[in-house]
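# Descriptive structure summary
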Amino acid sequence: MKGKLYNKTTTIYILLAVYSLVLLLFTTHSSPLFPFNGWNDINIFFTVGKGFVRGYVPYVDLIDHKGPFLFLLFGVASLIQKTGYLGLFLLQVIALTISSIYVFRIASLFIRRAEMSFLVAIICPLFLLLRSFEGGRAEDFVLTMFTVSLYYFTLYFVNDSASSKSGHVICQGVLFAMVFMIKFNLVLFFLGFIIMIIFDLLQKREYRQLWRYIVLFLGGVGMVILPFLLYLLITGSFGAFYEVYFKISFIQASGVYETFWDRLVSSLYITMISFRIRMGYTLTIALGFLFVLIKMRNEEEKKNGRGHGWFQSLKKQLKVYFTPYFIAYGLSFALLVFSIYIGGALLYSCIPISVFAIMGVIAICAWLEIVTEGEKISKVTKGVAVFSVLLILIMVKGAVFEPAFMHRQMPVQIKMAELIHQYASDGNPTLLQVDALDSGFYTASGIIPQEPYFCTINVSYEQYPQLFDSLQEAVRQGRNEFVIIHTYNEHERPNEEYWRFADHYQHIAVLHGAGSVDTRWYHLYQRY
């Protein structure tokens, strides 16, 4: 019986891996079916990561304000394909497969039938993919880490026999450190659960177990953090890391707000608007909270017996309804939302919050399990299979009519890369893109920029003048053989007087950006 169950679980894991591959094949722009991924953030990470694994020092030789673990991931991807996204695509497939498997494992804690847990696991990825746009963002990888963490945190509260396993606690610490080394503000997600675990152990007076938990958790954190700290110390880049990763991130988050309270009020407003316009998403998260409340209340009543009506003491009522897991779940949600929206938010900022939609989907499938109780398993299995095919077709249909998928002409980045290598004076041309985020020209050409500030980031001149001054100085001194700059229409020319192109450069080409991330016109200059 145990072997049969093992084989069934293994089969489900394999099916989820195949499902993840097919889903991403038609939805992420990193897929081989798409001509190019022109999204700025991904190309910035790819450029820094490509340099990172080839001896360049992040935050010194190449500057961006995301964390080093993210650059390492993209660096590994660049080792698979230097001028394309096959490596990134494979990492995305692995990440989504892990997410789906752990969604299945979370569902299995609350749902008896494996088929229903499998249904949860194939629905939940859609909450990511419908908000991930081009795919491969930092938030996508963080969501995988959140999903795995949610499983181990949930396991602590619902399964006493598994709560003290060393491997689980170490894994929590490792995931905490990984998230910290990608986007440090998002680690607030972990704090709600950690606080309640510590409180639970204190309440039970299990002090030895508490110290063991702290030591194991910190051990997991150290496994990730210490190698990076050693690298920073060896390369002498710790000061640059602190300056860029933390200070620039705070500068960017501060935006235009004069005081903390202005930012807080604005963030609350943005949060409400964000959840209001994504009503289906919001309702699923709300349903998840209701499910956790009721499910944990029932578990509490099984342990302590049912109360004697609503006239029992308030303390006992609160203990039955507001269980440690429910408080931890709600606190982590509140802290995560705060960490995301306190500095304003973009459309994809809600991707990590999708982890809280898992319980909402579980609630729906738990209800379906009750409704289909007594039905033959074979019928349920067939229903799940049909539903899975329909979901895939829906996603494929959306991708087929995606302009970037249908527009098969050669992307401007690849055209520009061919021109650069055609006109280059030697086999090692240098390139600088100015007045814009990284649009993928470094990726397509395989060139690692020689300027620390190789593109702009989302800060103003007043907030971070050295970035803009550095770009301007590099052009005026003619330090790179090629320079790319954009305009918004065919007949407009860049501000050549401001950049003083005439001192060192000649205009050799202008290409339209149709079919890439935008429809700008890109001008290529070459040094005399």
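Keep in mind that what you see is a predicted model, and the values were worked out from it rather than measured.

## What about the overall build of the protein chain?
Across its full length, the protein chain carries 22 helices and four strands. In the protein chain, which comprises 528 residues, the proportion classed as buried is 55%. Put simply, 74% of the contacts in the protein chain that link residues at least 6 apart link residues at least 24 apart. Surface summary for the protein chain: the accessible area is close to 24300 Å², and the carbon and sulfur share equals 65%.

## Focus on the packing of helix α8 (residues 166–180) against helix α10 (residues 207–235)
Two elements in contact, α8 and α10, have axes separated by 7 Å at closest approach and are oriented at 45°. By the angle class used here, α8 and α10 are oblique. Relative to α10, the crossing made by α8 is right-handed. For the pair α8 and α10, the contacting residues are Ser166, Val169, Ile170, Gln172, Gly173, Val174, Phe176, Ala177, Met178 and Phe180 in the first and Arg212, Tyr213, Leu216, Phe217, Gly220, Val221, Met223, Val224 and Ile225 in the second. Class assignment for the residues of the contact of α8 with α10 results in 14 nonpolar, four polar and one charged.

## Considerations on α10
Taking 1.5 Å of rise per residue, the 29 residues of α10 would be expected to cover 42 Å, and the 41 Å separating its terminal C-alpha atoms lies within 8% of that figure. Gly222 marks the point of greatest bend in α10, at about 35°. Within the sequence span of α10, burial applies to Leu210, Tyr213, Leu216, Phe217, Gly220, Val221, Gly222, Val224, Ile225, Phe228 and Leu232. Once α10 ends, the next one or two residues include Gly236, with phi positive near 65°.

## Details of the sheet that holds strand β1 (residues 431–433)
The mixed open sheet is built from four strands, whose spatial order is β1-β2-β4-β3. The open sheet is flanked by β1 and β3 (505–512), the only strands paired with a single partner. Each adjacent strand pair in this sheet contributes to an overall mean axis angle of 25°, direction not counted. Across seven bridges, the pairing between β3 and strand β4 (residues 521–527) is antiparallel. In the strand pairing of β4, Gln506 is matched with Gln526. On top of the sheet, helix α19 (residues 412–423) reaches β1, β2 (482–487), β3 and β4; it is set at about 150° to β3, its chief contact. Sitting on the sheet, helix α21 (residues 465–476) is in contact with β1, β2 and β3, with an inclination near 135° to β1.

## A short note on the packing of helix α7 (residues 138–158) against helix α9 (residues 188–203)
At a minimum axis separation of 11 Å, α7 and α9 run at an interaxial angle of 15°. For the element pair α7 / α9, the angle class is roughly parallel. Crossing angle aside, the handedness with which α7 passes α9 is left-handed. Residues Phe146, Ser149, Leu150, Phe153, Tyr156 and Phe157 of α7 form the contact with α9, whose own contacting residues are Phe189, Phe190, Phe193, Ile194, Met196, Ile197, Asp200 and Leu201. A breakdown of the residues in the contact of α7 with α9 according to their chemical character gives twelve nonpolar, one polar and one charged.

## Section: the packing of aromatic side chains
Per the stated rule, a full pass over the model turns up 46 aromatic pairs. Seen from their ring centres, Tyr102 and Tyr152 are 5.9 Å apart, and the 55° between their planes marks the pair as tilted. Separated by 50 residues along the polypeptide, Tyr102 in helix α4 (residues 86–108) and Tyr152 in helix α7 bring together distant segments of the chain. Tyr102 gets classed as buried once you look at its relative accessible area, which sits at 14%.

## Examining the nonpolar core
Formed by 155 residues in total, the largest nonpolar core has its most connected members in Phe190, Ile353 and Ile362. Broken down by element, this core gets its largest block of residues, 14 residues, from α7. In contact with Ile362, other than residues within four places in its own chain, are Ile106, Ala107, Phe110, Ile111, Val120 and Phe291.

## Let's talk about the side chain of Gln172
Inspection of the secondary structure puts Gln172 in helix α8. Excluding its chain neighbours within four sequence positions, the residues that come into contact with Gln172 are Tyr152, Phe153, Phe190, Ile197, Tyr213 and Phe217.

## Things to note about a nonpolar patch on the surface
Residues Leu287, Leu290, Ile294 and Ile364 make up a contiguous nonpolar surface patch of about 320 Å² in total accessible area. Counting residues per element, the nonpolar patch draws most heavily on helix α13 (residues 279–304), which supplies three residues. Assignment of secondary structure puts Ile294 in helix α13.

## Brief notes about unusual backbone geometry
We note that Tyr59 has phi near 75°; this positive angle belongs to a residue other than glycine. As for its placement among the helices and strands, Tyr59 is situated in the loop between α2 (40–52) and α3 (68–80).

## What about the pattern of salt bridges?
Applying the stated criterion across every chain yields a total of eight salt bridges. With a closest N to O distance of 3.7 Å, Glu243 and Lys247 form a salt bridge. Taken as a pair, Glu243 and Lys247 lie in helix α11 (residues 238–254) at a separation of four residues, close to a single helical turn. Its relative accessible area of 38% is what places Lys247 among the partly exposed residues. Close ionic contact of Asp503 with Arg500 constitutes a salt bridge, the shortest N to O distance being 3.0 Å.

## As for the confidence of the model for the protein chain
Across the protein chain, the average pLDDT comes to 84, with 77% of residues at 70 or higher. In this model residues 307–314 is a low-confidence stretch, pLDDT under 50, and it forms five contacts with partners more than four residues away in sequence or in other chains.

## Quick look at the side chain of Ser99
In this structure, Ser99 sits in helix α4. Excluding residues that lie within four positions of it along the chain, Ser99 makes contacts with Thr144 and Thr147.

## Let's talk about α8
When the terminal C-alpha atoms of α8 are compared, their 21 Å separation across 15 residues agrees well with the 21 Å that a helix rising 1.5 Å per residue should span. For α8, every residue scored as buried is listed here: His168, Val169, Gln172, Gly173, Val174, Leu175, Phe176, Ala177, Met178 and Val179. In this structure, the buried residues of α8 make contact with α3, α7, α9 and α10.

## Looking at the environment of Tyr242
For Tyr242, the location among the structural elements is in helix α11. Looking at Tyr242, the relative accessible area reads 43%, which means it is partly exposed. Tyr242 sits 177 residues away from His65 along the chain, and the two C-alpha atoms are 9.7 Å apart.

Rules behind the numbers
- Residues numbered from 1 in each chain as written.
- Predicted model: local features only at pLDDT ≥ 70, side-chain atom pairs only at ≥ 80, totals over all residues.
- Heavy atoms only, no water.
- Helix = DSSP H or I, 4+ residues; strand = E, 2+ residues; numbered from the N terminus.
- Buried < 20%, exposed > 50% of the residue type's maximum accessible area, 1.4 Å probe, protein only.
- Contact = heavy atoms within 4.5 Å.
- Areas by Shrake-Rupley, 256 points an atom, 1.4 Å probe, with all protein chains shown as cover.
- Axes fitted to C-alpha atoms, helices over the stretch in contact; angles between N-to-C directions.
- Parallel < 35°, antiparallel > 145°, perpendicular 65-115°, else oblique.
- Left-handed = near helix turned anticlockwise from the far one by under 90°.
- Nonpolar A, V, L, I, M, F, W, Y, C, P; charged D, E, K, R; others polar.
- Expected span 1.5 Å × (residues − 1).
- Bend = angle between axes of the 7 residues up to and from the residue.
- Pairing = 2+ DSSP bridges.
- Phe/Tyr/Trp six-rings, centres within 6.5 Å; stacked < 30°, edge-to-face > 60°.
- Core = buried A, V, L, I, M, F, W, Y, C linked by side-chain atoms within 4.5 Å.
- Patch = residues over 30% accessible without salt bridge, like charges linked within 9 Å, V, L, I, M, F, W, Y side chains within 5 Å.
- Salt bridge = Lys/Arg side-chain N within 4 Å of Asp/Glu carboxyl O.
- pLDDT = per-residue confidence, 0-100.

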